Amino acid sequence: MGKLTADQARDLANQFHDLSVAVGNYRFDHWDDFTSAKRDQLEDLQWTLMNYSSDFTSQAISLTLSDLQGTLDHIQRTTKKAQQVIKTIKTVDKVIRIAAAATVLAAAIMTGNAEAAIKAAEDTYEQATS
Amino acid sequence: MPTRPSTRHIAPLCILTVLLVGCVDFTEVGKFADISKSASSSLPALVADINGTCKRRVVFAPTGKQAETLEGCKRLAISKPGILKAQQVLLDYMAALKSLAGDQGVTYGKKLDGLSDELSKSGLDSKQVSAVAGLANKLADAALNGYRRKELAALISSTNDDIQIVTHALRTIIDTDYKRELSLEREGSQEYYQSALRKHETNEPLAAIAVRRDLGSIDATISDKEQAADAYGKIMEDIATGHQKLYESRGKWTTQSLIKDVGPLVKDLYESTQKVEKAF
């Protein structure tokens, strides 16, 4: 028999879960019909089925995660690239601030006000270096 | 005969119009991607409970079955780091998407606001100050938004298939597998307490009341966790849906289209995250 797929393991987990529930219900529905030993035997069987269900769940999760590995690697690489772009945006932001400050400088020069132009030049420098 | 406006007069208007039309507000994308902070503690706690529910079930197992059940829990625990890693990769991606969409990465708005004060000292009158500062802001907005839009579109385009796969996988693990484990915990507790009631209720009616109360309390806790698992599934579904919509509309984003596409999901995501936080 070949290896199970994640979906097959999940299907088996469901089936064993439902079987264990059925055994539990049967045990309680016929409680007074059974001897104590028979009830214990059914209880053990119920727990065996529950544990099989849980084991198939473990397999399903493990197989799902294995299948996912390449996809996760690609997202991680892309996320790193995006983080680099975010750093670049901060640089772009700085360039734009310099350009905007230069607009202000030009406006001050056009007024012919030397004092304001010097102040604006200082501010341009400050914008560019902050 | 009306005078024809010269190209010299029309050109600045055209440029401004193009810039303004090109401005897309990515606030909704930022809000959509903003699940990482609130989810950073509650989602891992939920994932950790896959093993937790199994361990709680051990307590209810008959003595002869406890070791076997505990061994199963150990096998289940092996997957925990892998699920947490897959989830963290998704949350990191969403955090990057949020930063790229806006508010944290770039501070141009506030910086340029200060320019108005400086302009007013330069001898320009208030209308001129307002015009120059406003134009500088619009230029900065347009340039950065254009850049962001290009990079966001590239990011979303490159990862959409992967995001669909990962969200589907995480959703299945929590929505199906974890819930099945919770159901086993409920079955184990029912089996344990109901057996005790059947055996001793007649002789010990007062103790039976306490047993029923305990059983009710366990059942309520499991129900809360099942609802949290459903909410987790909804979070994954909303991420997948929102990302798909952004992918399909890339290249033709407008502020209105983003609000329409991802706006409703923002509220859903917030509510689902709150539900998970309530249980964990």
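Calculation rules
Residues numbered from 1 in each chain as written. Chains lettered and ligands numbered in written order. Predicted model: local features only at pLDDT ≥ 70, side-chain atom pairs only at ≥ 80, totals over all residues. Heavy atoms only, no water. Helix = DSSP H or I, 4+ residues; strand = E, 2+ residues; numbered from the N terminus. Buried < 20%, exposed > 50% of the residue type's maximum accessible area, 1.4 Å probe, protein only. Contact = heavy atoms within 4.5 Å. Areas by Shrake-Rupley, 256 points an atom, 1.4 Å probe, with all protein chains shown as cover. Expected span 1.5 Å × (residues − 1). 1 Å grid on protein atoms, 1.4 Å probe; cavity = no way out; pocket = protein on both sides within 12 Å on 5 of 7 lines; lining within 4 Å. Points joined across faces, edges and corners; volume = space filled by probe spheres on them. Nonpolar A, V, L, I, M, F, W, Y, C, P; charged D, E, K, R; others polar. Polar contact = N/O pair within 3.5 Å; in protein donor to acceptor, adjacent residues only side chain to side chain. Axes fitted to C-alpha atoms, helices over the stretch in contact; angles between N-to-C directions. Parallel < 35°, antiparallel > 145°, perpendicular 65-115°, else oblique. Left-handed = near helix turned anticlockwise from the far one by under 90°. Salt bridge = Lys/Arg side-chain N within 4 Å of Asp/Glu carboxyl O. pLDDT = per-residue confidence, 0-100. Phe/Tyr/Trp six-rings, centres within 6.5 Å; stacked < 30°, edge-to-face > 60°. Core = buried A, V, L, I, M, F, W, Y, C linked by side-chain atoms within 4.5 Å.

(A) The overall build of chain B, seen in detail. Each helix and strand in chain B was counted, giving 10 helices and 0 strands. For chain B, the sequential pattern of α-helices and β-strands runs α-α-α-α-α-α-α-α-α-α. Burial statistics for chain B: of 280 residues in total, 46% are counted as buried. Looking at chain B alone, contacts between residues at least 24 apart form 85% of all its contacts between residues at least 6 apart. For chain B, the exposed surface amounts to about 13800 Å²; the carbon and sulfur share of it is 56%.

(B) Focus on helix H1 (residues 6-29) of chain A. Helix length check: H1 of chain A, at 24 residues, gives a terminal C-alpha distance of 34 Å against a target of 34 Å (1.5 Å per residue), a fit within 8%. Buried residues of H1 of chain A: Ala6, Ala9, Arg10, Ala13, His17, Ser20, Val23, Gly24, Arg27 and Phe28 of chain A, and no others.

(C) Seen up close, the layout of surface pockets. Its boundaries defined by the atoms lining it, the second largest pocket holds a volume of some 200 Å³. Around the second largest pocket, the lining is made up of 13 residues, and of these Val21 and Asn25 of chain A together with Glu187, Gln190 and Glu191 of chain B lie nearest the centre. Looking at the lining of the second largest pocket, the elements with two or more residues in it are H1 of chain A together with helix H8 (126-200) of chain B. Take the lining of the second largest pocket: its biggest share by element is 7 residues, from H8 of chain B. Taken together, the residues of the lining of the second largest pocket break down into 2 nonpolar, 7 polar and 4 charged.

(D) Seen up close, the environment of Thr69 of chain B. Structurally, Thr69 of chain B is set in helix H4 (residues 63-78). Here Thr69 of chain B falls in the buried class, since its relative accessible area comes to 1%. Residues contacting Thr69 of chain B, with those up to four places away along its chain left out, are Trp47 and Asn51 of chain A together with Cys54, Arg57, Val58 and Ala61 of chain B. Within the structure, Thr69 of chain B has its side chain in polar contact with the side chain of Asn51 of chain A (distance 3.1 Å).

(E) A look at the packing of helix H9 (residues 205-248) of chain B against helix H10 (residues 255-279) of chain B. Residues and elements named next belong to chain B. Running from amino to carboxyl end, H9 crosses H10 at an angle of 160°, the nearest separation of the two axes being 8 Å. Regarding the angle of H9 to H10, the classification is roughly antiparallel. Remark: the crossing between H9 and H10 carries left-handed chirality. Contact with H9, carried on its side by Asp224, Ala228, Ala231, Tyr232, Lys234, Ile235, Asp238, Ile239, Thr241, Gly242, Lys245 and Leu246, involves Leu258, Asp261, Val262, Leu265, Asp268, Leu269, Ser272, Thr273, Lys275, Val276 and Ala279 of H10 and no other residues of that element. A breakdown of the residues in the contact of H9 with H10 according to their chemical character gives 12 nonpolar, 4 polar and 7 charged.

(F) Molecular detail of the pattern of salt bridges. Residues and elements named next belong to chain B. Inspection of every chain in the model, using the stated rule, returns 21 salt bridges over all chains. Note that Lys225 is salt-bridged to Asp49, the shortest N-O span being 3.9 Å. Of this pair, Lys225 sits in helix H9 while Asp49 sits in helix H3 (residues 36-60), and the two are 176 residues apart along the sequence. The partner of Asp230 in a salt bridge is Lys179, with the nearest N and O atoms 2.6 Å apart. Here Lys179 lies in helix H8 and Asp230 lies in helix H9, a separation of 51 residues in the sequence. For Lys179, a relative accessible area of 24% puts it in the partly exposed group.

(G) Main features of the confidence of the model for chain A. Confidence in the prediction for chain A averages 85 pLDDT; 75% of positions are at 70 or higher. Element-level pLDDT for chain A is lowest in helix H3 (residues 114-129) of chain A, with a mean of 65, against a maximum mean of 96 in H1 of chain A.

(H) Region of the structure containing the packing of aromatic side chains. Residues and elements named next belong to chain A. According to the stated counting rule, one finds 8 aromatic pairs over all chains in the structure shown. Their ring planes at 45° and their centres at 5.6 Å tell us that Phe16 and Tyr52 sit as a pair that is tilted. Of the two residues, Phe16 is situated in helix H1 and Tyr52 in helix H2 (residues 36-111); the sequence distance between them amounts to 36 residues. The class of Tyr52 is partly exposed, set by a relative accessible area of 44%. Taking 5.5 Å as the distance between ring centres and 25° as the angle between the ring planes, the aromatic pair formed by Phe16 and Phe56 counts as stacked.

(I) How the structure looks around the nonpolar core. The biggest cluster of nonpolar side chains holds 72 residues, and the ones touching the most others in it are Phe32, Leu97, Ile174 and Trp253 of chain B. Elements that contribute at least two residues to this core include exactly H2 of chain A together with helix H2 (27-33), H3, H4, helix H5 (80-101), H8, H9 and H10 of chain B. Excluding its chain neighbours within four sequence positions, the residues that come into contact with Ile174 of chain B are Leu46, Val47, Ile50, Lys179, Ala229 and Tyr232 of chain B. Judged by nonpolar contacts, the second largest core, of 5 residues, contains Leu4, Ala9, Ala13 and Phe56 of chain A.

(J) Structural context of the environment of Lys87 of chain A. Along the chain, Lys87 of chain A turns up in helix H2. Sequence spacing of Lys87 of chain A and Ile61 of chain A is 26 residues, and the spatial spacing of their C-alpha atoms is 37 Å.

(K) Inspection of the environment of Lys150 of chain B at higher detail. Residue and element names in this part refer to chain B. Mapped onto the fold, Lys150 is located in helix H8. Through-space distance from the C-alpha of Lys150 to that of Arg250 is 9.2 Å; in sequence the pair is 100 residues apart. In this structure the side chain of Lys150 is engaged in a polar contact, spanning 3.2 Å, whose partner is the side chain of Glu151.

(L) Summary view of the confidence of the model for chain B. Residue and element names in this part refer to chain B. Here chain B averages 83 in pLDDT, while 77% of its residues score no lower than 70. Considering only residues more than four positions removed or in separate chains, one finds that residues 1-21, a stretch of pLDDT under 50, has 6 contacts. Residue range residues 103-110 is modelled with pLDDT below 50. Its contacts to residues more than four positions away, or to other chains, number 18 contacts. Predicted complex, confidence summary: ipTM 0.78, pTM 0.79.

(M) View of the side chain of Thr79 of chain A. Looking at the element boundaries, Thr79 of chain A is found in helix H2. Taking the relative accessible area as the measure of exposure, Thr79 of chain A reaches 5% and is therefore buried. Discounting residues that sit within four places of it in the chain, Thr79 of chain A has contacts with Asp92, Tyr93 and Ala96 of chain B.

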